[in-house]
Amino acid sequence: MKTPLEKLGLTDENAGVFDGEWRGGGATIDKISPIDGRRLAGVRTAADDDYNNAIERAHEAFLKWRVTPGPVRGETVRRLGNALRELKHELGQLVTLETGKIIAEGEGEVQEMIDVCDFAVGQSRMEKTPLTAIAVTKIAERVCRETGADPAIFTLLVGDRKSVGQKLADDPGIPLVSATGSTNMGFNVAKAVNGRLGRTILELGGNNALIVTPSADLEMAVQSIFFGAVGTAGQRCTSTRRVIMHELVASKVRDKLLTGYKTLPIGNPLDRKTVMGPLIDRHAVDMVQDSIQRLKDEGGEVLYGGERLTVPGDAYMKPCLAAAKPDFEIVKHETFGPLLYLMTYRDFDEAMAIHNNVPQGLTSSIFTNDVREAEKFVSAVGSDCGIANINTGTSGAEIGGAFGGEKQTGGGRESGSDCWKYYMRRQTNTINFSTELPLAQGIQFGAGEGSGTA
């Protein structure tokens, strides 16, 4: 019986470069599963020549693709969505094996690709999931060969910052770079790309808060907080990091969260009873542990959890629920893991001040049944984030809405009905069908006394 990797065309060692052909002349990296520390497969990364050849082929494919009739492009996208549907379970398992996401979330990642194909076209690749990137590219390659599209439109380069990342940022032949990652990464990409007058779409850090008001449905709010903070082990850019509770409901919310945290099933993410699996790797756990220590140093209190778990792979920990103050430096820093800060407020203006007093501005949420609070939250004086939700959580976003944030989140937008505009070259055309030459603003050039024209 074939394994999920075999069904997806993956072998013990895989080429990490695709531009119509598969290769990889760089170092081989081993992908280790955070679930149990075992090796999944190897990937041959890109060498210098691989980069140059791949970018050249991608440009050739682009020149063909931009003049391909819309129905043919649409058929390619439609078939890609169907091909992903056929292998949704296997791809979901691969996502889980590479990232540690529970299987429901792994399959959810694939479903999002399918939904985007239905909506338009899109694909996401992460540095720490090269096998998933290769598997999806193989599916896209097959679809392109079926429809006659040049498969190099799905060019893939697996490599490190030096061999791939920095070259993409510096390359004048790449007019636009869309990058997802940390704020520090975004600063470096923006400096390089904007320094050559290129364009960027940046989706960077999120330090997302959820406000719980006195009129809120507390059961709904707690469920949303729990999923937002613990789902994907707190490793979504949209994960809930901060909960701002009114003093009147704070103790109830805190008690309900403590009950959920203490009974949380942690374990193998391939088991559908598991609610939280491992973090992406042991280094991710290290970073969360460091943030917990910084929280304590600033006077914060751990209410529950935070302990590292002794499990093969060394990537498991208990999620941490902590009491913090809004002015803590660590609270203003995005910790990419299951660390949730609880804080309180007295009046709505204070809640908004706390909410907005961080450098990041991705997604936000308020639970309230007071229409005035809800309207103020989404107004010009409310949430300063790119996404503002009412009575639903911070985590996740509908593909029909523009996804992205403000401030140090980068300002870029993906998905939604207008995202294609970011990828287009804008051009204004003025066409004169008359036999006269009208000038802008009604100017009569050279028609007055003293002009040098006849």
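These figures come from a predicted structure and were not determined experimentally.

S.K.: Where do I start with the overall build of the protein chain in this structure?
M.R.: Summing up its helical and strand segments, the protein chain has 13 helices and 17 strands in all. In terms of overall dimensions, the protein chain is globule-like: its C-alpha atoms have a radius of gyration of 25 Å, near the 22 Å expected for 454 residues. Over its C-alpha atoms, taken along the principal directions, the protein chain stretches across nearly 85 × 70 × 35 Å. Out of the 454 residues in the protein chain, the part that is buried amounts to 47%. Taking as baseline every contact in the protein chain between residues at least 6 positions apart, the subset at least 24 positions apart corresponds to 68%.

S.K.: Would you mind showing me how to read empty space enclosed by the protein here?
M.R.: Rolled over the atoms, a probe sized like a water molecule indicates the empty space that remains. According to the stated counting rule, one finds 1 cavity of 30 Å³ or more in the structure shown. In terms of lining, the largest cavity is formed by Asn207, Asn208, Ala209, Arg242, His355, Val358, Gln360, Gly361, Leu362, Thr363 and Cys385. Only strand 9 (208-212) and strand 14 (360-361) provide two or more residues apiece to the lining of the largest cavity. Of the residues that constitute the lining of the largest cavity, the class distribution is 4 nonpolar, 6 polar and 1 charged.

S.K.: Before we go on, may I ask you to explain the pattern of salt bridges in this structure?
M.R.: Pairing of side chains with opposite charge becomes possible as their charged atoms draw close. On inspection of all chains with the given rule, the structure shows 30 salt bridges. Between Lys64 and Asp150 there is a salt bridge, with the nearest N and O atoms lying 3.3 Å from each other. Residue Lys64 is located in helix 2 (residues 48-65), and its partner Asp150 is located in the loop between helix 6 (130-147) and strand 6 (156-157); the two are separated by 86 residues in the primary sequence. Of the residues examined, Lys64 reaches a relative accessible area of 49% and is grouped as partly exposed. For Arg308, the salt bridge is made with Asp314, and the minimal N-O distance between the two is 3.1 Å. Classification of Arg308 by relative accessible area gives partly exposed; the value is 31%. We classify Asp314 as partly exposed; its relative accessible area is 27%. Connected via shared salt-bridge partners are Glu75, Arg78, Arg79, Arg142 and Glu146.

S.K.: Hey, could you run me through the pairing of strand 15 (residues 363-367) in this one?
M.R.: For strand 15, the buried fraction is high: 5 of the 5 residues fall into the buried class. Taking every second residue as pointing to the same face, both faces of strand 15 are buried, with Thr363, Ser365 and Phe367 on one and Ser364 and Ile366 on the other. Relative to strand 15, strand 9 runs parallel, the two being bridged by 4 bridges. Bridge pairing links Ala209 to Ser364 in strand 15. Summarising the sheet, strand 15 and strand 16 (residues 387-390) pair through 4 bridges and their orientation is parallel. Along strand 16, the bridge assignment pairs Ile366 with Ile390. As for the winding sense of the linkage, the β-α-β connection from strand 15 through helix 13 (residues 371-377) to strand 16 is right-handed.

S.K.: Help me understand the packing of aromatic side chains in this model?
M.R.: Aromatic ring pairs are reported here in terms of the distance separating the ring centres and the angle at which the planes meet. Applying the stated criterion across every chain yields a total of 2 aromatic pairs. Ring plane angle 40 degrees and centroid distance 4.7 Å describe the contact between Phe18 and Trp22, whose orientation is recorded as tilted. With relative accessibility at 25%, the residue Trp22 sits in the partly exposed group. Taking the ring centre of Trp22 as reference, the NZ or CZ of Lys138 above it sits at 4.5 Å.

S.K.: Quick question: what am I supposed to make of the packing of helix 2 against helix 7 (residues 161-170) here?
M.R.: The contact between helix 2 and helix 7 brings their axes to 9 Å, and the two run at 40 degrees. By the angle between their axes, helix 2 is oblique relative to helix 7. Helix-helix and strand crossings are classified by hand; for helix 2 and helix 7 the assignment is right-handed. Across from Asp48, Tyr51 and Ile55 in helix 2, the residues of helix 7 making contact are Ser163, Val164, Lys167 and Leu168.

S.K.: What's the story with the sheet that holds strand 3 (residues 22-23) in this structure? I'm lost.
M.R.: Working definition: the strands of a sheet are paired by backbone hydrogen bonds and lie parallel or antiparallel to each other. Taken in spatial order, the 3 strands of this open sheet run 3-2-6, and their pairing is antiparallel. Because the sheet does not close on itself, it has two edges, and the strands there are strand 3 and strand 6. Inspection of the sheet shows strand 2 (residues 17-18) paired to strand 6 by 2 bridges, in the antiparallel sense. Residue pairing for strand 6: Val17 is matched across the bridge by Leu157.

S.K.: Just checking my understanding: could you explain the sheet that holds strand 4 (residues 28-32) for this structure?
M.R.: Taken in spatial order, the 3 strands make up an open sheet running 1-5-4, and their pairing is mixed. At either end of the open sheet lies a strand with only one pairing partner, and these are strand 1 (13-15) and strand 4. Geometrically, the sheet is characterised by an average inter-axis angle of 30 degrees between neighbouring strands, direction not taken into account. Sheet topology note: the strand 1/strand 5 (residues 39-44) ladder contains 3 bridges and is parallel. Across the sheet, residue Glu13 finds its bridge partner in strand 5, namely Gly42. Relative to strand 5, helix 6 is tilted by about 70 degrees, and along the sheet it contacts strand 1, strand 4 and strand 5.

S.K.: How should helix 4 (residues 88-99) be read in this particular structure?
M.R.: At 3.6 residues per turn, the α-helix brings residues three or four places apart onto the same side. With 12 residues, helix 4 extends 16 Å between its outermost C-alpha atoms, agreeing within 8% with the 16 Å of an ideal straight helix rising 1.5 Å per residue. Restricting attention to buried positions, one finds in helix 4 the residues Glu90, Leu91, Gly92, Leu94, Val95, Thr96, Leu97, Glu98 and Thr99. At the C-terminal side of helix 4, Gly100 shows a positive phi close to 90 degrees.

Calculation criteria
Residues numbered from 1 in each chain as written. Predicted model: local features only at pLDDT ≥ 70, side-chain atom pairs only at ≥ 80, totals over all residues. Heavy atoms only, no water. Helix = DSSP H or I, 4+ residues; strand = E, 2+ residues; numbered from the N terminus. Rg over C-alpha atoms; globule rule 2.2 N^0.38 Å. Buried < 20%, exposed > 50% of the residue type's maximum accessible area, 1.4 Å probe, protein only. Contact = heavy atoms within 4.5 Å. 1 Å grid on protein atoms, 1.4 Å probe; cavity = no way out; pocket = protein on both sides within 12 Å on 5 of 7 lines; lining within 4 Å. Points joined across faces, edges and corners; volume = space filled by probe spheres on them. Nonpolar A, V, L, I, M, F, W, Y, C, P; charged D, E, K, R; others polar. Salt bridge = Lys/Arg side-chain N within 4 Å of Asp/Glu carboxyl O. Pairing = 2+ DSSP bridges. Right-handed = clockwise from strand over helix to strand, strands pointing away. Phe/Tyr/Trp six-rings, centres within 6.5 Å; stacked < 30°, edge-to-face > 60°. Lys NZ or Arg CZ within 6 Å of the ring centre and 35° of its normal. Axes fitted to C-alpha atoms, helices over the stretch in contact; angles between N-to-C directions. Parallel < 35°, antiparallel > 145°, perpendicular 65-115°, else oblique. Left-handed = near helix turned anticlockwise from the far one by under 90°. Expected span 1.5 Å × (residues − 1).

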